[in-house]
Each structure stands twice: as structure tokens, then as C-alpha cells.
Amino acid sequence: MSFSFQMKDSYKPKSIVESSWTKLENIFSTRGTSESSTKKSRSKSTDNSKKRKNPYFISDFRNQSTTRSNNISPLRRKIITNDNRDISTSRPTSLSVSSLYPKVYNSPVKLSVPGLSTLQLHRIYEARCKDLLIPVLLDQERIFFNFCLKHFKNRRFELNESGIGVESAIAIGEILLNNEEFAYLELAKNKMGDEGAIELTKLICKNRFLVHLDMSSNDISPEGASTVINLIADHPTIVSLNLSSNEALHRNRLGVLGAIAIQKALQSSILGFINISGTSLGNDGLVYIIEGLRNNQSLVSLNLSNNGLGTEGLDKLSQSISTSSLRMLGFSQNRIGNDGCSYISSLLAGNYDGPCPLESLDISKNEIGTKGLAKLFFSLKGNTQLHTLNLEKNPFSTGLSSSCQQFLIENEHLKYLNLSGCELKSEGIHMLFTGLAKNKGLISLDISSNDIDDIGIEIIASGIAGNQNLKLLDLSSNKIKNRGGCALANAFKINRTLEDLNLKENSIKNIAGQLFSEVSRYNTNILRLNLEANQINFKYFNEIKQNLAHNKQLHIKNLIPKLKNKLEDMQFDERAIEEIKEQTELRKREREEQMQKLYKLNEKYEEVKYTEYQRFLELENELKSYRETSIELSKSLDFLSLEINKETIRGNNEVNEWFQKIGNEKAACKQLEREKTRLKEEINLKKCQNQSEIDNFKEKVEKEETSKRNAEITLSYIKRKLEEKKLALNAIKHPKVPAREPKTFLASEKLASTKKQNHRIIAIESRTIDSNTPSPIKLRRTKSSGRS
């Protein structure tokens, strides 16, 4: 936290200052300090203060060759130069704090912080400056002291958002090592990291008065978180641990490693409150949390919000919760949806191994719709344990189901219900407030930040008028106007139990404001009525404020008589007391009779005891003889065991030798088997090669035979054609003289036509021969293939 405010210097008369100096010298100086030494130190300090007008600065941490030591304040520098010892191990012999800081330490009252000395506060401030790389300034140190004075109260050591780093963590741990004044250590939103968190945890492990540790948002990794949790698990008094991440800055991360450490801590430690929200746990880490939670009887509160969890593992988590003693569960900002509500409903209805132990359940911002809400309300009908349910910012825009009305009528144990920011509209809240009129358990109802207008407010007003148990109703940030405001004001004339009504940030105007002013005067049960950010005249605001103040005074006056009436109601009837007295007398007589019987039994017991003691002595003598014989037998057994060990060693050696020989033979056999298989493979390979060559040769022979037959056929065909051609040529050469025909045309023309006809026949026959007979090239190729 940045300390921006400044503290004004308060100067006192010289006598008061001198008396305060002497008191501080008695506190901070060692024994045997003389007045002369104090006067000298005082004079030296005043001279130094006059010379040094500028404030002291911490020298540059990176430059180690500076004249002044790093991060040493004026007080420690003075002590080190005089005594050559550290301030943590010894005190100055002739030095007072007032001499070094005349303005800061001018009044011991301002520096008294419960549980811490001024030197310890100075040490924390010095370490903090070193972590922040800022100078040690006297004015800022005074501001820091005042801050500590305000926050270190009620056994709380609180330094949230204060720039605490590794050095500050070590200093705080060393100061709290044996400190008995603090029970709560809160260091949220700092930058300790793994190193600072581990060092601090190691140091406070010896403190037996701390019960709560808050290191949320400190940039702790899964490895560092695992180490811290393991150390806290062994702590005998810490029952509350907060490692959550509130914002994106300096987030803590647990992951699977941190979840494993949590599991071990739940199985062995006394932790009752664990907050690990926003620590990137995931479904993988949830598995270990479930295992640690099963049958756990020490954990009371567990916050798993904003860890990216869905429906996976929710069934097993519900089963583990039913076997534990968990009372409060935070599961907001996850993604369980309507499907996850089935498991939550089964848990609330007691359908697992046992009844639901939860008293407070937070499932806000979980994408739950109207279907999931109906399952939850249906399961809550018979639930008698849950008293707080937070459903904030879940989308119920389609309205509330009939199970909501039935739940409000039947359930008398739920006290606090939050439906803020759930997109509720006037059409969807009819079931809620018709059931609210008959509800006998709900104390607080929050339906702020919705879309409820005047029509819905009239339904709400009718529900409030019939309710006699509700005390707080939050309707802020809705769409309420004069009509709805008037309906609510009229409902207050009937309702006598509602004490707190929040109507902030609506559109209520003067008409409704006037009615609220009258109702707040008429109905003295109204203690708080918030109408801020509404268009109401200031006059009505003042009237409402005065009426509420008057109502609070009346409430305080009537509180004592009410309590007296309750006490009178709690008093017992005299007749009942007399009956109880008679019963107690009867019980006393019975007790006396039982005591007499017990006395007789005691006498018998003494007789039996004496006889048993005699038997015991006899048995003891027998035991001694048996022990002697057992010693002799044990000696012989030892000798036999040695011989057996020798024989077993020798036999084991022989067995090992035989096993080695058998192994060698097996290896040789395996080698021979491998050779045999290799030879078989080679023989089979050669057989396959020979068979393939034989097949190729047979194929070639068949081809040659077919080519030979084809050649013979073609040759006979060619011979036949040649004979025919010879005959044709002979016929052409020696034609037969046909009978003379009448000369119808010339002889030359007839001869020419016959020649043409013969030429055509020869051409056709030659074509057929050419197509059927192979060419010379083909014949050569067939011959060459046959030779090969």
C-alpha cells in the first residue's frame, strides 16, 4: 500500500522532550548506561541532525562499492560503527534512539504498536524499502509506523498491498518467530514470490500462536505453493490458509503440484479453512482435491471458485463432500451449467453416501439456466441443513419455475438467498413471491441488478405483505418507478418484520418518497431504507433519515424488554422442576443401591484378584523356566540357522553355477537353431530359384513349338498358293480358245478386259497371302529366339 498521507510534526516543550528522551534511553540502551554517556550521545546526535539536513538514502543496490553499506538506516549504521555488531544480536551500549531520531521519537506513545517494538518496526520498514528500491526517509518511516498502529489490532498482523518482497518476508518471519501477540498474519496482494513465501513459512513454523495465514496474490508458482502447503501441513496451530488470487496482478498458481500438496494436507493436518480460488487448479488438480476431501473430518470451508472447473469430476466431488464435514463450499465462476446442477441437486437431496453437510453454497456465475435452477429448488424441499445459497449472475431470463414456489412453501431452513444480476424480469418472478407470502424461513433476499419494473414490484409487494419473517430485501438497480414505490410503501403498512429495504439506483420520485416518509414514521420496525440515486426531494430524504434514527432509538429501548420476555419464556415451570427433583432423588436411591452392589462386587473382585495373583506367581515361575529352556533352544537354533545359512549359500552357489551352465547350453542351442533356420531358408531360396528357371525354360520351349507349328502352317499355305498361281499363270499363258462369239465388239477390247480381270484376281490373292504369311523379319526373330 502506498502511504500518501503526511503526518505533521508535533513539537513539545523542552522538559517534556527531555523526559521522553530519558524514558526511551531506559528502554533501548543497555544496562549500566551513565548519564554522561547519554549526554554525549545526545549532543552528538543533535550535532549530526544539524549537519545532515538532507534525508538518508539507501545506496544503489547494484553498486557494491559505495561508501555506505547497502540498505542500512542511520540507526543501524550508528550502532554498527560503534559496536561492530548487528542490531538483531546486540543493543548499543551508549546510544539512544531519541538521539538519532529527535523528531520521530519525541513521543513514545506514538510509536507503541501492540506486540512489536520500535526497532522491529524499523527493521520491517527498512526491508520494505530494500524490496521497493526506494530510499529510507524519516517522514515516510513515521507514516509507516502510523499505518502499523492502525492495522496491527485485535491480534492481526496486516500488511496487505504494502510492497512486501523477499527481504520483508524474511524480516517479518524472524520477528514473528517467537512472538505471542499475533494470531492472524495477512500479507495479501504483495510480491513475495516463491522465495519469500517459502522463507516466511519456514520461519513461522516455530510460532505456536498463529491460526491464520493469508498469502493471496503473491506471485507464487505451483512448486512454491506445494512447498508452502507441505510446511503448513506440519504446523500444529494454523487452521486457516488463503492462497487465492483476487485479481490478475501477482496471481498465485497451484496446478497439479499444489493440488497434490492439498490432498496430503487434508489427510494429515488440522486445516479447517482453505481458499484456493483463482489458482488455475483445473480438472486434473480437482481429482486430488476430491481424494483428500473423502472422509475428511477437519475441513469446514473450501473455496474452489474461478478455477476453470466444469461438470467433469463434479459427481465424485459431491460424493466426497457427503462423506466429509464440509460446511461451506465456494464454487463460483466455473462452468457447471444445467448438467452440473444434477450432481449438486443429488448432493443437496442426500442421494449419496450420507446427508448433505453443507450449510453455505456459492454457485454464482456458473452459466446455470432455469432448468438447473428448477432441479436445485426441487432438491431443497427436504433439505434441513443449507441456510445460505448464492446464485448471483446466473441467466434466469426465462423466469422461475413452479418448483421455486413449492420450495419456498415447504422449506423453512434456508435463511439467505441471493438472486442478484440474474436477468429476472417482472413476468418471471410471480412464482417467487407467491411462495414468499407463505415462507417461514427466509431472512434475507437479494434480487438487485435485474430488470424488474412496476408490475413485478406489485407482485413483490403482495408477497411481502403476507410474509412475517423476512428482514432484509435488496431491490437496488432495477426499473422501479413511482407506481412500484407506492406499492412497496403500502406493503410496509401491513408487514411488521422487514427492517432493511434497499431501493438504490431506481427511478422513484417524490410521490413514492412522500409515502416512504410517512411509512417510516408509522412503521417503527423499519431501521434502514436506502433511496440513494433516486429522483426524490431532499426534504423527504431528511424526513426519512430522522424517522429511521427515531426507529433505531426505539429499537434499542425495546430490545431489553424483548430479551427479558424471551428469558421469561425460556424459564421452566415449577411443577416440571419438582418432577425433575423427584426423578433426581429416585436416581440417587438407585445410585446408592448400585453402589452397594458395586461394593459387594468389589469384595468378590479382591478375592478373585488374590487368587489370580497366586496363579500369576506360579505362572511367572513357570515362565522363568520356560525362558531358560527357550534361551538354550534359541542358542541351538542359532547354531542350526548358521549351518543352514552356510548350506544354503553353498547350495545357492551350485545352483547359480548350474544355472549359468544351463544358460550357456541354451545359448548354444539357440545359436544352432538359428543356423538351422538360416540353412533351411537358403535351401528353400535355391529351390525357388531353380523352379523359376525350369518354368521359364518350359515356357520358352512351348513358345518355340508354337512358332514352329505356325511356320509349318504358313509354309504349306504359301506352297499351295504358289501352285495355284502357277496354274493361273499357265492358264494365262496358254489360254483355251473359246467358241467364237458373234463380233459385237473388237478383239483388242476383249483382250484388254480379260487382262484387267486377271490382274484383279492376282492382286486379291497376293493380299490374302501377305496377311496370312509372316514377314521375313518376323521369321528371323523367331529363328533367333529358337536358337537361344
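The shown structure was predicted, so the numbers you read here are calculated from the model rather than taken from an experiment. Once a new chain begins, its residue numbering starts again from 1 and follows that chain's sequence as written. Predicted model: local features are reported for residues with pLDDT of at least 70 only, side-chain atom pairs are reported and counted for 80 or more only, and whole-chain, interface and lining totals are derived from all residues. The side-chain values count all of the structure's non-hydrogen atoms but skip hydrogen atoms and water molecules.

### A short note on the overall build of the chain
- To qualify as a helix, a DSSP run of H or I must reach at least 4 residues; to qualify as a strand, a run of E must reach at least 2; elements of each kind are numbered from the N terminus. Scanning the chain for helices and strands turns up 23 helices and 14 strands.
- Expressed as a percentage of contacts within the chain between residues at least 6 apart in sequence, the contacts between residues at least 24 apart total 84%.
- Per-residue and other accessible areas were derived by the Shrake-Rupley procedure at a 1.4 Å probe size, with only the shown protein chains allowed to occlude residues. Element-wise, carbon and sulfur atoms account for 53% of the exposed surface of the chain, whose accessible area totals about 47,500 Å². For this analysis, residues touch if any pair of their heavy atoms sits within 4.5 Å.

### Regarding the packing of aromatic side chains
- Here the aromatic set is Phe, Tyr and Trp, taking the six-membered ring for Trp, and pairing holds for ring centres within 6.5 Å; pairs whose planes are under 30 degrees apart are stacked, those over 60 apart are edge-to-face, and all others are tilted. Across all of its chains, the model carries seven aromatic pairs by this definition.
- Ring centres of phenylalanine 144 and phenylalanine 145 lie 6.4 Å apart, and the angle between their planes is 50°; on these two criteria the pair is classed as tilted. Comparing phenylalanine 144 with phenylalanine 145, the two get one shared label, buried.
- On the basis of an interplanar angle of 85° and a centroid distance of 5.3 Å, the ring pair of phenylalanine 157 and phenylalanine 182 is categorised as edge-to-face. Of this pair, phenylalanine 157 sits in strand 1 (residues 156-158) while phenylalanine 182 is found in the loop between helix 7 (166-175) and strand 2 (184-186), placing the two residues 25 residues apart along the sequence. Phenylalanine 182 matches phenylalanine 157 in its accessibility class, with the two residues each being buried.
- One aromatic cluster is present, formed by Tyr125, Phe144 and Phe145 through successive ring pairs.
- Sitting over a ring, as applied to charges here, requires NZ of Lys or CZ of Arg to be within 6 Å of the ring centre and within 35 degrees of the ring normal. Its end group placed over the ring of tyrosine 184, arginine 156 keeps NZ or CZ at 4.5 Å from the ring centre.
- Over the aromatic face of tryptophan 658 sits the side chain of lysine 661, whose NZ or CZ is 4.8 Å from the ring centroid. A simple rule labels every residue: compare its accessible area, found with a 1.4 Å probe on the protein chains alone, to the largest value its type can have, and call it buried under 20%, exposed over 50%, or partly exposed in between.

### Looking at the side chain of aspartate 454
- On the secondary structure map, aspartate 454 appears in helix 17 (residues 454-466).
- Think of it this way: Lys and Arg go in the positive column, Asp and Glu in the negative one, and His and the chain ends go nowhere. Between Lys or Arg on one side and Asp or Glu on the other, a salt bridge is scored when a side-chain nitrogen of the former is within 4 Å of a carboxyl oxygen of the latter. This buried residue, aspartate 454, is left without a salt bridge; arginine 483 holds the nearest opposite charge, at 5.5 Å.
- In contact with aspartate 454, not counting residues within four places along its chain, are Lys479, Ile480, Lys481, Asn482, Arg483 and Gly484.

### Re the environment of leucine 400
- Its location among the elements puts leucine 400 in the loop between strand 9 (388-390) and helix 15 (402-410).
- Judged by its relative accessible area of 9%, leucine 400 is buried.
- Each C-alpha atom, one on leucine 400 and one on leucine 373, is 7.8 Å from the other, the two residues being 27 residues apart in sequence.
- Discounting residues that sit within four places of it in the chain, leucine 400 has contacts with Leu373, Leu424, Gly428, Met431 and Leu432.

### Quick look at unusual backbone geometry
- The backbone of leucine 133 shows a phi angle near 55°, a positive value even though the residue is not glycine.
- Mapped onto the elements of the fold, leucine 133 is located in the loop between helix 5 (118-132) and helix 6 (138-151).
- Given a relative accessible area of 58%, leucine 133 falls into the exposed group.

### Looking at the nonpolar core
- In this text, buried Ala, Val, Leu, Ile, Met, Phe, Trp, Tyr and Cys residues form a nonpolar core when linked through side-chain atoms within 4.5 Å. In this structure, Phe157, Leu159, Ile172, Leu185, Ile460, Leu475 and Phe516 are the most contacted members of the largest nonpolar core, which totals 129 residues.
- Considering each element in turn, this core owes the most residues, six residues, to helix 18 (residues 482-494).
- In this view, phenylalanine 157 contacts Leu116, Ile124, Phe152, Ile172, Leu176, Phe182, Tyr184, Leu185, Glu186 and Leu187; residues no more than four positions away in its chain are not counted.

### Thoughts on the packing of helix 8 (residues 193-204) against helix 9 (residues 222-233)
- Where helices are involved, their axes are fitted lines through C-alpha atoms of the stretch in contact, as for all axes, and angles between N-to-C directions lie from 0 to 180°. Two elements in contact, helix 8 and helix 9, have axes whose closest approach is 9 Å; the angle formed by their N-to-C orientations is 10°. Taken together, the axes of helix 8 and helix 9 are roughly parallel relative to one another. Note on element contacts: helix 9 touches helix 8 through Gly224, Thr227, Val228, Leu231 and Ile232, opposite Asp194, Ala197, Ile198, Thr201 and Lys202.
- Taken together, the residues that form the contact of helix 8 with helix 9 break down as five nonpolar, three polar and two charged. Roughly parallel covers angles under 35 degrees, roughly antiparallel covers those over 145, roughly perpendicular covers 65 to 115, and oblique covers all other angles. In this classification, Asp, Glu, Lys and Arg are treated as charged, Ala, Val, Leu, Ile, Met, Phe, Trp, Tyr, Cys and Pro as nonpolar, and every other residue, Gly included, as polar.

### Some points on the confidence of the model for the chain
- pLDDT expresses, on a scale from 0 to 100, how confident the predictor is about each individual residue. Mean pLDDT over the chain: 81, with 80% of residues reaching 70 or higher.
- The model gives residues 1-14 a pLDDT under 50, and that stretch makes 27 contacts with residues more than four places away or in other chains.
- Within the model, the stretch residues 23-110 combines pLDDT values under 50 with 120 contacts to residues more than four positions away or in other chains.

### Considering the side chain of asparagine 218
- Note that asparagine 218 resides in the loop between strand 3 (212-214) and helix 9.
- Reaching out from asparagine 218, the side chain makes a polar contact with the backbone nitrogen of lysine 191 at a distance of 3.4 Å.
- Those residues within four positions of asparagine 218 in sequence are excluded, and the remaining contacts are Leu187, Ala188, Lys189, Asn190, Lys191, Met192, Gly193, His250 and Asn252. Polar contacts, as counted here, are pairs of nitrogen or oxygen atoms within 3.5 Å of one another; within protein the pair requires one atom able to donate a hydrogen and one able to accept it, and residues that are adjacent in sequence qualify only if both atoms are side-chain atoms.

### Considering the packing of helix 9 against helix 10 (residues 255-268)
- Put simply, helix 9 and helix 10 touch, their axes get as near as 8 Å, and they point 10° apart. For the element pair helix 9 / helix 10, the angle class is roughly parallel. Of the residues in helix 10, those touching helix 9 at Pro222, Glu223, Ser226, Ile229, Asn230 and Ala233 are Leu257, Gly258, Ala261, Ile262, Ala265 and Ser268.
- Among the residues forming the contact of helix 9 with helix 10, the class breakdown is seven nonpolar, four polar and one charged.

### Looking at the pattern of salt bridges
- Within this structure, the stated rule accounts for 17 salt bridges.
- Between arginine 253 and aspartate 219 there is a salt bridge; the shortest N-O distance is 3.8 Å. One end of the pair, arginine 253, is in the loop between strand 4 (240-242) and helix 10; the other, aspartate 219, is in the loop between strand 3 and helix 9, with 34 residues separating them in the sequence.
- Overall, the relative accessible area of 37% leaves aspartate 219 in the partly exposed class.
- Among the charged side chains, a network of salt bridges with common partners joins Glu647, Arg650 and Glu654.

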